Amino acid sequence: MDPDTYETGRRIRTQVLGEAYVRSAAADGDFAQPLQDLVTEYCWGAVWGRPGLTPKIRSMLNLAMLAALNRPRELGTHVKGALNNGVTRDEIREVLLQVAVYAGVPAAVDGFRTAGEVLAELDDPGTA
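In every chain, residue numbers begin from 1 and rise along the written sequence. Residue-level local features of this predicted model are given only where pLDDT is at least 70; pairs of side-chain atoms are given and counted only at 80 or more, and the full residue set underlies all totals for whole chains, interfaces and linings. Side-chain measures were taken over the full set of non-hydrogen atoms in the model, leaving aside hydrogen atoms and water.

The name given to the protein in an unreviewed UniProt entry is Carboxymuconolactone decarboxylase family protein, with the source organism recorded as Mycolicibacillus parakoreensis.

1. Some details on the overall build of the protein
Only runs of H or I of at least four residues qualify as helices and only runs of E of at least two qualify as strands under DSSP, and these elements are numbered from the N terminus. If you tally the helices and strands in the protein, you get seven helices and zero strands. The order of α-helices and β-strands along the protein, N terminus first, is α-α-α-α-α-α-α. Our radius of gyration looks at C-alpha atoms and nothing else; its globule reference is 2.2 Å times the residue count to the power 0.38. Over its C-alpha trace the protein gives a radius of gyration of 15 Å, about what one expects of a compact globule, namely 14 Å for 128 residues. Based on the C-alpha atoms only, the size of the protein along its principal axes is roughly 40 × 35 × 25 Å.

2. Digging into the side chain of T114
Position of T114 relative to the elements: it lies in helix α7 (residues 105-123). To sort residues, take the accessible area from a 1.4 Å probe on protein chains only and compare it with the maximum for the residue type: under 20% means buried, over 50% means exposed, and anything in between is partly exposed. For T114, a relative accessible area of 11% puts it in the buried group. Other than its neighbours up to four places away in sequence, T114 contacts P72, L75 and G76. Throughout, a residue-residue contact means that at least one pair of heavy atoms, one from each residue, lies within 4.5 Å.

3. Details of the UniProt feature "domain: Carboxymuconolactone decarboxylase-like" (unreviewed entry) in the protein
UniProt positions are given in the numbering used here, feature names are shortened, and annotations may be inferred rather than shown by experiment. Per the UniProt annotation, the sites labelled "domain: Carboxymuconolactone decarboxylase-like" (unreviewed entry) are residues 35-114. With 81% helix and 0% strand, the stretch residues 35-114 has end C-alpha atoms that lie 25 Å from each other.

4. Some details on a nonpolar patch on the surface
Nonpolar side chains collect at one region of the surface, where L53, I57, L61, M65 and L69 lie side by side and expose about 430 Å² of accessible area between them. Within the secondary structure, L61 sits in helix α4 (residues 55-68). Patch members must show over 30% relative accessible area and no salt bridge, and they are joined within 9 Å when carrying like charges or within 5 Å when they are nonpolar side chains of Val, Leu, Ile, Met, Phe, Trp or Tyr. Using a 1.4 Å probe, the Shrake-Rupley method yields the accessible areas, and only the shown protein chains count as cover for residues. One speaks of a salt bridge when a side-chain nitrogen belonging to Lys or Arg is within 4 Å of a carboxyl oxygen belonging to Asp or Glu.

5. A short note on the packing of helix α1 (residues 3-17) against helix α2 (residues 19-26)
Taken N-terminus to C-terminus, the directions of α1 and α2 make an angle of 120°; their axes are 6 Å apart at the nearest point. Taken together, α1 and α2 sit at an angle that is classed as oblique. Facing α1, whose interface residues are R13, T14 and L17, α2 presents E19, Y21, V22 and A25. Lines fitted to C-alpha atoms define the axes, with helix axes restricted to the stretch in contact, and inter-axis angles between N-to-C directions lie between 0 and 180 degrees. Here is the rule for angles: anything less than 35 degrees is roughly parallel, anything more than 145 is roughly antiparallel, 65 through 115 is roughly perpendicular, and the remaining ranges are oblique.

6. So, the environment of A107
Its location among the elements puts A107 in helix α7. Overall, the relative accessible area of 12% leaves A107 in the buried class. In the structure, A107 is positioned 40 residues away from A67 in sequence and 5.9 Å away in space, judged by C-alpha atoms. Beyond its immediate chain neighbours, meaning those up to four positions away, A107 contacts A67, A68 and V99.

7. A look at the side chain of R58
Mapping R58 onto the fold places it in helix α4. Buried charge without a salt bridge: R58, with E74 as the nearest opposite-charge side chain at an N-O distance of 15 Å. Nitrogen and oxygen atoms within 3.5 Å of one another constitute a polar contact, given that in protein one can donate a hydrogen and the other can accept it, and given that sequence-neighbouring residues count only through two side-chain atoms. At 3.4 Å, the side chain of R58 and the backbone oxygen of V47 are in polar contact. Every residue in contact with R58, bar those within four places of it in the chain, is listed here: V47, W48, R50, G52 and L53. All tallies of charge rest on Lys and Arg as positive and Asp and Glu as negative; His and the ends of each chain are not included.

8. Some remarks on unusual backbone geometry
In this structure, N70 is a non-glycine residue whose phi angle is positive, near 55°. By the element assignment, N70 lies in the loop between α4 and α5 (72-84). Residue classification places N70 among the partly exposed residues on the basis of a relative accessible area of 45%.

9. Quick notes on the pattern of salt bridges
One pass over the structure, following the stated rule, counts seven salt bridges. Across the pair K56 and E91 runs a salt bridge whose closest N-O atoms are separated by 3.1 Å. Of this pair, K56 sits in helix α4 while E91 sits in helix α6 (residues 89-103), placing them 35 residues apart in sequence. You can call K56 partly exposed: its relative accessible area is 27%. The closest approach of N and O atoms between D123 and R89, which form a salt bridge, is 2.8 Å. Of this pair, D123 sits in helix α7 while R89 is found in helix α6, placing the two residues 34 residues apart along the sequence. Relative accessible area serves as the criterion here: at 35%, R89 is assigned to the partly exposed category.

Listed below in structure tokens is the structure:
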């Protein structure tokens, strides 16, 4: 593991997803720790840490890919992260409409459902 890349990843992951999420991921235990280390170093440090795209664009891409891949739990996490990176609710809607055209309407329907639940929870934390 490269400590500098890992630290970059930890910093970016915390900025995007928040300290509470990063702490809860770390609490997954010893069994999952190698995966969490890989995700932090490789995904967040080596890829998100590259200068080629802004965090906002990376978030929008993640929303589209996670909706297309039907990964609702990760999509919900990244809806929150996208908002942290300056993606607006209208832009989230547009990304998911794009998913309908290129990945299929069922993927977009599920994506809208997941995003809608996350946004409703953010508007009224008592709905969780």
